[in-house]
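Fold and contact review
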Amino acid sequence: MDIETKLVQIGNRREKETGAISFPVTFSTAFLHPALGESTGFDYIRTKNPTRTVLEEAIAEIEGGDRGFAMSSGMAAIHVIMGLFKPGDHIIASLDLYGGTYRLFEQVWKSYGLTFSYVNLRSGSDLQDHLLPETTAVFIETPTNPMMITADISSIASVAKKQGVLTIVDNTFLSPYYQKPILEGADISFHSATKYLGGHNDVLAGLIVSNGQELSDRLFFLQNSIGAVLGPMDSWLLIRGMKTLALRMERHTENAKRIVSFLKEHPLITDVLYAGLGGMVSFRVKDAALVPGILRHLRVISFAESLGGVESLLTYPAVQTHADVPKEVRDSVGVCDRLLRFSVGVEHAQDLVEDLRCAIEASELQLRTGEV
Ligand SMILES: *Cc1c(COP(=O)(O)O)cnc(C)c1O
């Protein structure tokens, strides 16, 4: 079955009693034990909940993994994954990591004795050069945020595997519609499902997919022990959003390509960063002084911090998503004060192009004449 079909059919034909097409939300926190030592398969909501189970099985199947885990946010998903490690372990991570992940590593996990190296990770040889005897995992974001640098997951995973190093991939930006890390050799793939999987800027969630029985069992233990699981209503919202993922991703890509060609031609834009697929486009304006005017003059696109939803959002990474990354580090990876990140929505492409054109021109005029 194709991914389009799997996505649309999530939860359908699962509720035998009524035949509900949309799988119901079960709010119950407790489940009846038929007798001593017997269970319906559900005992207590944190361990397992019917609506969450449908979602977890769906993401595992869609990404070709053995088991799925739904958490209360992308950060909660990363926290659970980090529970696999112990003091002294060394982790090699992509250089321009999502700001929140960098903050969790540097300001939380470092104090528990984990060490991190941030490396320009494009292929297995980049990993090879930085491996230490105590390296236990490689943590990849591809394409990276907001620089859109892509990494070759299969080449990195094959080097990692030979050394007994786990490969973990943040698959938020491309979603399983365009990228299935487990099928490329990764051990763990995860998402901020708040972004493309949810797709409507209305649910906070994280999803993890694991490969292999032992790893899956450890992650299940951590999910249940840590307890930052996704609630039934949010699980249902996420299932509903995921049903249209294929349609949305096609449109995001189509619109992003239109935006890229517009920006590449514009004299006030110096560079455009795009991975070739998906809806994320970063670009640099000629002068940082243009940024406040552009953000103020937008009428359709919203100046807001998230990504991956149907509504177009523009972010200023240096002051928003990457505020917790030190300026020297930000500058060294290219997250300068001229960089804007555009999560291209599914509106009509021409309306988005016009909105950007007008905002850029109004801002430039304002700079030139000093008028507001
Ligand atoms: C948003 C995001 C996260 C964090 O996810 P939350 O759902 O906000 O907790 C992690 N990685 C990437 C690439 C993100 O965009």
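Above this text is the structure in question.
Residues numbered from 1 in each chain as written. Predicted model: local features only at pLDDT ≥ 70, side-chain atom pairs only at ≥ 80, totals over all residues. Heavy atoms only, no water.

**Description of the sheet that holds strand β12 (residues 339-343)**
Strand order in this open sheet of five strands is β8-β9-β12-β11-β10, and the pairing throughout is mixed. Of all the strands in the sheet, just β8 (269-274) and β10 (302-303) have a single pairing partner and so form its edges. Pairing of strand β9 (residues 280-285) with β12, which is carried by five bridges, proceeds in the antiparallel orientation. Counted as the bridge partner of Met280 is Ser343 from β12. (Pairing = 2+ DSSP bridges. Helix = DSSP H or I, 4+ residues; strand = E, 2+ residues; numbered from the N terminus.)

**Let's talk about a negative patch on the surface**
Together, Asp2, Glu4, Glu250 and Glu254 line one region of the surface with negative charge. Inspection of the secondary structure puts Glu4 in helix α1 (residues 3-8). (Patch = residues over 30% accessible without salt bridge, like charges linked within 9 Å, V, L, I, M, F, W, Y side chains within 5 Å. Areas by Shrake-Rupley, 256 points an atom, 1.4 Å probe, with all protein chains shown as cover. Salt bridge = Lys/Arg side-chain N within 4 Å of Asp/Glu carboxyl O. Lys, Arg positive; Asp, Glu negative; His and termini not counted. Charge placed at Lys NZ, Arg CZ, Asp CG, Glu CD.)

**Focus on the site of the ligand**
In the vicinity of the ligand, 14 residues are found, and the nearest of them are Gly74, Asp170, Ser192, Thr194 and Lys195. One of the backbone N or O atoms of Met75 is found 2.9 Å from an oxygen atom in the ligand. A distance of 2.7 Å is found between an oxygen atom of the ligand and a side-chain nitrogen or oxygen belonging to Lys195. Compared with its free state, where it exposes 380 Å², the ligand has 94% of that area covered by protein. (Near = heavy atom within 4 Å. Polar contact = N/O pair within 3.5 Å; in protein donor to acceptor, adjacent residues only side chain to side chain.)

**Notes on the sheet that holds strand β2 (residues 90-94)**
If you walk across this open sheet you meet the seven strands as β1-β7-β6-β5-β4-β2-β3, and the pairing is mixed. Either end of the sheet is taken by a strand with one partner, and the two such strands are β1 (67-71) and β3 (115-119). For this sheet, the mean inter-axis angle between neighbouring strands, taken without regard to orientation, is 20°. The pairing of strand β6 (residues 188-192) with strand β7 (residues 206-210) spans five bridges and is classified as antiparallel. Bridge assignment links His191 to a residue of β7, and that residue is Leu207. Contacting β1, β2, β3, β4 (135-141), β5 (166-170), β6 and β7, helix α3 (residues 74-82) crosses the sheet at an angle of about 35° to β7. Contacting β2, β3 and β4, helix α4 (residues 99-107) crosses the sheet at an angle of about 145° to β3. (Axes fitted to C-alpha atoms, helices over the stretch in contact; angles between N-to-C directions. Contact = heavy atoms within 4.5 Å.)

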